[in-house]
Amino acid sequence: MTELVRRAVITGTGSALPPRRVSNAELAEQVDTSDEWIVERTGIRFRHIAAEGETTATLATDAARAALAAAGVDASAIDLIVLATATPDQTFPASATKVQAALGINDCVAFDVAAVCSGFLYALQVAESMIRAGSAHKALVIGAETFSRILDWEDRATCVLFGDGAGAIVLEAQETAAAGGRGVLATKLHADGRHNQLLYVDGGPSTTGTVGKLRMKGKEVFRHAVVNLASVMGESLAAAGLEAGDVDWVVPHQANARILDATAKKLGLAPEKVIVTVDQHANTSAASVPLALDAAVRDGRIKRGDLLVLEAMGGGFTWGASVVRF
């Protein structure tokens, strides 16, 4: 099979959320906030917080198992694992290798990708490129985070926004004719490091020698997000030879309900075409897109043959969008 006839097709999705679900009311008992304040500004009602013993890798493994089951694929068939995360279990080795070991895969390519909230789209592009090149046949692409471990729980402007979780897909090589038009059609990715101080963690191995805490200037991030996401979605659709009117569903990064609404309006998309799960699990960074995708697949909204646009923006800034025929 040559590169020209290979298509990377999503054959299964899966997700994992920690069992501990924290409501806005519970959070208001710890910090100076309220359910009304959080819902009005973000749309968030709940977030899931990892318990002791739960890590990015354990959540990623659970999501991977669910995706494998949905795809009807045995773990032994996987030859590539790309894990997007900003909160790895260790500085090294990659958390992807811990997932590999937990799944009982003796040997496959396994590594992490760090692009914060855009990480899943970066990981998807890496895996899709390797499949097209013939370097992999069946891949697990995972987004997993334990952002609760890097939050300043005294900063009410940020601690209410984030949660923990993981989502995964199985991406499989199929011949173009057999794929029937399904698969990843186009992806566009961007980064602009000039905006580092708008969304970052104030620590790291080579700077402070500490993990650090998340810091964000919310108004500036909001403004950049709406402009950049609308632009890259249009860019990716144009690369696929499609228009906004062709889209069945937008599966966005779940950062803020107001960003989702504003981005849809800027592109002229109906709000009902946007998958919204931010109210149930808050911002889970690289896990947000696959969590939302899996939720919409499981409840029957997303069906085989639907045209999807996956989009995200995160610290860096990084941002991107993928057009996928499911």
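Residues numbered from 1 in each chain as written. Predicted model: local features only at pLDDT ≥ 70, side-chain atom pairs only at ≥ 80, totals over all residues. Heavy atoms only, no water.

S.K.: Tell me about the packing of helix 3 (residues 56-71) against helix 4 (residues 95-102), and name the residues and values.
M.R.: The contact between helix 3 and helix 4 brings their axes to 9 Å, and the two run at 50°. Taken as axis vectors, helix 3 and helix 4 run oblique relative to one another. Like other packed secondary-structure pairs, helix 3 and helix 4 cross with a definite hand, here right-handed. The segment helix 3 lies against helix 4, with A57, A60, T61, A64 and R65 engaging S95, K98, V99 and A102. For the contact of helix 3 with helix 4, the per-class residue count stands at 5 nonpolar, 2 polar and 2 charged. (Axes fitted to C-alpha atoms, helices over the stretch in contact; angles between N-to-C directions. Helix = DSSP H or I, 4+ residues; strand = E, 2+ residues; numbered from the N terminus. Parallel < 35°, antiparallel > 145°, perpendicular 65-115°, else oblique. Left-handed = near helix turned anticlockwise from the far one by under 90°. Contact = heavy atoms within 4.5 Å. Nonpolar A, V, L, I, M, F, W, Y, C, P; charged D, E, K, R; others polar.)

S.K.: I'd like a rundown of the sheet that holds strand 8 (residues 183-191), residues and numbers included.
M.R.: Here 4 strands make up an open sheet; going across it, the order is 8-13-12-11 and the pairing mixed. Only two strands of the sheet have a single partner each, and these edge strands are strand 8 and strand 11 (249-252). If you compare each strand with its neighbour and ignore which way they point, the axes differ by 15° on average. Summarising the sheet, strand 12 (residues 307-314) and strand 13 (residues 318-325) pair through 8 bridges and their orientation is antiparallel. Opposite A312, over in strand 13, you have G320 as the bridge partner. Sitting on the sheet, helix 8 (residues 218-239) touches strand 8, strand 11, strand 12 and strand 13, and the angle it makes with strand 12 is about 145°. (Pairing = 2+ DSSP bridges.)

S.K.: Pulling in residues and values, what's your account of the sheet that holds strand 1 (residues 6-16)?
M.R.: Read from one edge of the open sheet, 5 strands run 1-7-6-4-5, paired in mixed fashion. The open sheet has two edge strands with one neighbour each: strand 1 and strand 5 (109-113). Between one strand axis and the next, the sheet turns through 20° on average, direction left out of account. The sheet contact formed by strand 6 (residues 138-146) and strand 7 (residues 164-175) spans 9 bridges and is antiparallel. What sits directly across from I142, in strand 7, is A168.

S.K.: Explain the packing of aromatic side chains residue by residue, including any values.
M.R.: Across all of its chains, the model carries 1 aromatic pair by this definition. The side chain of R21 reaches across the aromatic face of F46, ending 3.6 Å from its centre. (Phe/Tyr/Trp six-rings, centres within 6.5 Å; stacked < 30°, edge-to-face > 60°. Lys NZ or Arg CZ within 6 Å of the ring centre and 35° of its normal.)

S.K.: Describe the pattern of salt bridges, listing the residues and the values that go with them.
M.R.: According to the stated counting rule, one finds 9 salt bridges in the structure shown. Here D192 and R194 are joined by a salt bridge, their closest N and O atoms 2.6 Å apart. Judged by relative accessible area, D192 falls into the buried class, the value being 14%. Through salt bridges that share partners, D152, D202 and R215 make up one connected network. (Salt bridge = Lys/Arg side-chain N within 4 Å of Asp/Glu carboxyl O. Buried < 20%, exposed > 50% of the residue type's maximum accessible area, 1.4 Å probe, protein only.)

S.K.: Hey, could you go over unusual backbone geometry for me, with residue numbers and the actual values?
M.R.: With an omega of 5°, the peptide bond running from F92 to P93 counts as cis. If you trace the backbone, P93 turns up in the loop between strand 4 (80-84) and helix 4. The omega torsion of the bond from G316 to F317 falls at -15°, within 30 degrees of zero and hence cis. Take F317: it is sitting in the loop between strand 12 and strand 13.

S.K.: With reference to specific residues and values, describe helix 3.
M.R.: Between the first and last C-alpha of helix 3 there are 22 Å, a value that for 16 residues agrees with the 22 Å anticipated at 1.5 Å per step. All buried positions along helix 3 are accounted for by T56, A57, L59, A60, T61, A63, A64, A67 and L68. The secondary structure elements touched by the buried residues of helix 3 are strand 1, strand 4, helix 4, strand 6 and strand 7. With a side-chain oxygen lying 3.3 Å from the backbone nitrogen of A57, the N-terminal cap of helix 3 falls on T55. (Expected span 1.5 Å × (residues − 1). Polar contact = N/O pair within 3.5 Å; in protein donor to acceptor, adjacent residues only side chain to side chain.)

By themselves, these are just geometric observations and shouldn't be taken as functional.
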